[in-house]
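Commentary on secondary and tertiary structure
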Amino acid sequence: MTTDADHPAPLPCVVCIPARNEAERLPRLLASLAAQEGVSARAPLRVVVLTNNCTDGTVQAVRDVEASGILATLALRLTDVELAGAEAHVGTARRMALEAGADWLEADGQPDGILLTTDADARLPADWVTANLRALEAADVVGGRLVIDEDGTADPDLAALHACIERYWSGVRRLEDLLDPPPHDPAPRHGDHTGASLAVPAVLYRAVGGLPALPCGEDNALVGLLRANGARLRHCPEVHVLVSSRHQGRVSGGMATEMLRRARVLHGEAYLLPEAAHWQALILRRAALRRAFHLDPEARVAACGRLGLAPEDLASVGACPNDIAFVERADRILESRSAPARECALDQAVADLDALALSLKAAA
């Protein structure tokens, strides 16, 4: 007699991947998905691959690795499309992949399943799926930490630059912990929430209208929509992904653009970042908005007025389910009226962040 235990259900999630001209790297990513913890041929991991405008044999490369048998633990759906004109970019492709994933979960009777997305040139540790699912137990959306994959060709000077940039962003998060620590995203945490590693329930994804089909920054735009609707964003340190260090990418403004920028620093180009005072002002402003949300309506109007928000601004913010949504919506208005952040050289920016953190600790 056959029982349900003889045919375990797939994990309640689907991994959605856009790909363009990734014949070399996409098979490697798929192999890392096939090796995920908790998956088997009897309980496969759903994977959607949306290839678009490929000219390098990406589709055949996927078919070849599939025929080899090493993807037996995946339920793989490959769709090849030709995007035209203004729609021919990663935002359209990632949205199509995520929509296909949500449709698949719904058809399988799991509309509350989880959508995960990553990049075709990434590599994933074996616990990537399970770590995302665990993190979502106390969050609504999870961003994975980006770890630069040097493929065994690391330049020590470039590695030192990577470490210094990470120290800068760790310093920004330390300021946040001192001034306005997020209860839903406690330390330790990283600061990444890109398309290389995002996880969100399908029902929440659809509630905000899905991923904006932008040519660049579509991932951050989705996270912004989610937070503006009250989603708790977790930067879980246990979730990480290896991202390519290549300088020639598929997206203008993506990770490859950042890697090229860093390479230029080794040849004398300055690496400028917002100064510490910018982050202090931003964090304090958002903290004040958070406090204002919890006041009675009349006091909220007065508190927001002192921050520069008029009653008509608050009307445009609308009803918010929690302080996360209120801060996200109200701060967008204030940010649009703010002067550009002053920048300084990386070493100075790191030193100023460290000094500011020490002074705040001493004052406390």
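These numbers were taken from a predicted model, which means no experiment stands behind them. (Residues numbered from 1 in each chain as written. Predicted model: local features only at pLDDT ≥ 70, side-chain atom pairs only at ≥ 80, totals over all residues. Heavy atoms only, no water.)

**A closer look at the side chain of D149**
Formally: Think of it this way: any DSSP run of H or I at least four residues long counts as a helix, any run of E at least two long counts as a strand, and we number them from the N terminus. Here a polar contact is taken to be a pair of N or O atoms separated by no more than 3.5 Å, where protein atoms must pair a possible hydrogen donor with a possible acceptor and residues adjacent in sequence count only if both atoms sit in side chains.
With respect to the secondary-structure elements, D149 resides in strand β6 (residues 145-149). A polar contact is formed between the side chain of D149 and the side chain of R123, at a distance of 2.8 Å.

**Here we look at helix α13 (residues 346-363)**
Quick note on the threshold: What a helix should span is 1.5 Å times the count of its residues minus one. Relative accessibility under 20% of the residue-type maximum defines a buried residue, over 50% an exposed one, and the middle range a partly exposed one, all with a 1.4 Å probe and only protein chains included. The arc refers to the directions leading from the helix axis to the C-beta atoms. Here, two residues are considered to be in contact whenever any of their heavy atoms come within 4.5 Å of each other.
The terminal C-alpha atoms of α13 lie 26 Å apart, and with 18 residues this matches the ideal 26 Å at 1.5 Å per residue to within 8%. Among the residues making up α13, those that are buried are L346, A349, V350, L353, D354, L356 and A357. The buried side chains of α13 occupy one side of the element, clustering within an arc of 165° when seen end-on. For α13, the exposed residues set more than 90 degrees away from the buried face come down to D347, L358, A362 and A363. Along its buried surface, α13 packs onto α5 (156-179), β10 (272-274), α9 (276-293) and β11 (343-345).

**Examining helix α8 (residues 255-265)**
For an α-helix, the turn length of 3.6 residues means that residues three or four places apart are oriented alike. When we look at burial in α8, the residues that qualify are A256, E258, M259, R262, A263 and V265. When α8 is viewed along its axis, its buried side chains cluster within an angular range of 165° and face the same direction. Those residues of α8 that are buried are in contact with β6, α5 and β9 (240-244).

**Digging into the nonpolar core**
Spelled out, the test is: The term nonpolar core refers to a set of buried residues drawn from Ala, Val, Leu, Ile, Met, Phe, Trp, Tyr and Cys, joined through side-chain atoms within 4.5 Å.
Residues I17, L26, L30, L33, L45 and V47 are the most contacted members of the largest nonpolar core, which totals 39 residues. For this core, the secondary-structure elements that each account for two or more residues are β1 (13-19), α1 (26-34), β2 (45-52), α2 (58-67), β3 (74-81), β4 (114-117), α4 (128-135) and β9. Of the residues forming this core, the biggest block, five residues, is contributed by α1. Those residues within four positions of V47 in sequence are excluded, and the remaining contacts are V14, V15, I17, L30, L33, L74, A75, L76, R77 and W104. Of all hydrophobic cores here, the second largest spans 26 residues; its members include C16, A93, L204 and A231.

**Thoughts on the sheet that holds β4**
As a reminder, the rule being used: For two strands to pair, DSSP has to find at least two bridges joining them. Here an axis means a line fitted to C-alpha atoms, over the contact stretch when the element is a helix, while the angle between two N-to-C directions is reported on a 0 to 180 degree scale.
Pairing within the open sheet is mixed, and its seven strands lie in the order β3-β2-β1-β4-β7-β5-β8. Pairing within the sheet leaves two strands with one partner each, and these edge strands are β3 and β8 (233-234). When β1 meets β4, the two strands line up parallel, connected through four bridges. Bridge pairing in β4 places V14 opposite L115. Sheet strands in contact with α1 are β1, β2 and β3, and its direction is about 170° off that of β1.

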